[in-house]
Amino acid sequence: MDETALLKRSDGPVTRSRLARDLSALGLTTGDTVMFHTEMSALGYVAGGSRTVIDALLDVVGAPGTLMVTCGWNDAPPYGFTDWPRAWQEALRAEHPAYDPDLSEADHHNGRLPEALRRRPGAVRSRHPDVSFAALGAAAHALMADHPWDDPHGPGSPLARLAALGGRVLLLGAPLDALTLLHHAEALADVPGKRFVEYEQPILVDGRRVWRRFHDIDSEDGAFDYSAVVPDGTWPFETIARAMLTAGFGRRGRVGAAECHLFEAAETVDFGVAWLEENLRTAP
């Protein structure tokens with residue numbers, strides 16, 4: 001979409017001050033710890049791009065607040081490299097760079113904002129290569145420290161800490177299925193048939209590159225078989241988020257040209273766990 005179309009969509013440029021006003025009207029406030037997901041094109045023409053979005057968010061949450069994003073690792077080795085010919089595997093094991101929180105790019109599928117935020121002076125990124133998060137602000141170290149190597153969406157994870165700290169989740173033009181916090185609900189839910197994955201990635205240990213095996217819920221293809229409870233063509237997290245909104249959880253409002261949502265992290269986790277346990281236990 002070109003700039004003219006974006007300008008028309010948002011009735012003019014979306015500036016830093018306009019974003020801050022809209023975010024405040026949505027309910028974001030000073031001192032908030034907020035994990036955000038952004039679809040830039042939905043906002044309209046943002047004057048200054050990702051820098052402007054981050055600056056506006058910082059204007060609203062202030063020095064006592066914290067911003068958090070999901071990063072991942074764009075150049076991680078493929079999960080299935082262990083099925084490659086032996087010579088290929090050996091070449092990868094010998095020379096694939098280790099995950100480095102300071103240097104490894106955030107997954108491009110997560111958009112521009114995670115990479116922009118993790119590069120900000122003072123930002124802290126978690127140590128887990130495949131499920132890394134980054135945060136900037138007063139609670140950044142508390143959120144990111146000692147990210148568990150195994151079950152990285154579960155207890156002790158940045159997602160768990162976000163909920164424990166009274167944090168919030170902002171979908172800034174992003175669709176409802178972008179509610180990554182629900183992976184924490186999947187990790188906690190006591191439901192039969194939970195799917196797990198194991199994979200290997202290189203990390204740095206005392207400055208040395210070491211290959212490590214990791215264990216996690218299957219966050220790529222789905223931690224559960226949702227086919228019996230989610231309508232065709234709908235993402236599971238979208239279905240859960242819509243159920244939350246129908247039940248009166250979360251706020252809706254416009255920021256720039258986009259419909260946006262603001263959820264309380266602890267409420268989202270509790271609702272998600274209850275929804276999973278109720279619907280998936282009784283699914284045919």
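Parameters and conventions
Along each chain, residues carry numbers from 1 onward, in the same order as the chain's sequence is written. With pLDDT at 70 or above as the cut-off, local features in this predicted model cover only qualifying residues; side-chain atom pairs require 80 or more to be listed or tallied, and sums for whole chains, interfaces and linings still use all residues. Water and hydrogen atoms were dropped before computing side-chain values, which therefore reflect all heavy atoms in the structure. When a carboxyl oxygen of Asp or Glu lies within 4 Å of a side-chain nitrogen of Lys or Arg, that pair is called a salt bridge. Every helix listed is a DSSP run of H or I at least four residues long, and every strand listed is a run of E at least two residues long, numbered separately from the N terminus. Throughout this description, buried means an accessible area under 20% of the type-specific maximum (1.4 Å probe, protein chains only), exposed means over 50%, and partly exposed covers the range between. Note on pairing: DSSP must find at least two bridges between two strands before they are called paired. Expected span of a helix: the number of residues minus one, times 1.5 Å. The contact criterion used throughout is that any non-hydrogen atoms of two residues lie within 4.5 Å. Centres within 6.5 Å make a pair out of two Phe, Tyr or Trp rings, where for Trp the six-membered ring is used; the pair is then stacked when the planes are under 30 degrees apart, edge-to-face when over 60, and tilted otherwise. Any Lys NZ or Arg CZ that is within 6 Å of a ring centre and within 35 degrees of that ring's normal is treated as a charge sitting over the ring.

1. Re the pattern of salt bridges
And step 1. Enumeration according to the criterion identifies 14 salt bridges in this entry.
And step 2. Where D55 meets R16, a salt bridge forms, and the shortest distance between an N and an O atom there is 3.6 Å. Here D55, found in helix α4 (residues 49-61), pairs with R16, found in helix α2 (residues 16-26); they are 39 residues apart in sequence, far enough to count as distant.
And step 3. Judged by its relative accessible area of 13%, D55 falls in the buried class.
And step 4. The salt bridge partner of R120 is D55, with a shortest N-O separation of 3.0 Å. Note that R120 is positioned in the loop between α6 (112-118) and β3 (124-125) and D55 in helix α4, a separation of 65 residues in sequence. D55 shares its class with R120; the two are buried.
And step 5. Linked by salt bridges that have partners in common, R16, R51, D55, D59 and R120 make up one network.

2. As for the pairing of strand β4 (residues 133-137)
And step 1. Judged by how many residues are buried, β4 sits mostly within the fold: four of five residues are covered.
And step 2. Across five bridges, the pairing between strand β2 (residues 66-70) and β4 is antiparallel. Within the sheet, the bridge partner assigned to V69 lies in β4 and is A134.

3. Thoughts on helix α11 (residues 265-281)
And step 1. Between the first and last C-alpha of α11 there are 24 Å, a value that for 17 residues agrees with the 24 Å anticipated at 1.5 Å per step.
And step 2. Where α11 is concerned, the buried positions are A265, T268, V269, F271, G272, V273, W275, L276 and L280.
And step 3. Check the buried side of α11 and you find it contacts α8 (158-164), β5 (168-172), α9 (182-188), α10 (236-246) and β9 (258-264).

4. Looking at the packing of aromatic side chains
And step 1. Per the stated rule, a full pass over the model turns up nine aromatic pairs.
And step 2. Ring geometry for Y199 and F214: centres 5.6 Å apart, planes at 25°, overall stacked. Taken together, the residues Y199 in strand β6 (residues 196-205) and F214 in strand β7 (residues 208-217) connect sequence positions 15 residues apart. Across the pair, F214 and Y199 agree in class, each one buried.
And step 3. Taken together, the aromatic side chains of Y79, W149, Y199 and F214 make up a single cluster linked through ring pairs.
And step 4. The side chain of R93 reaches across the aromatic face of W211, ending 5.2 Å from its centre.

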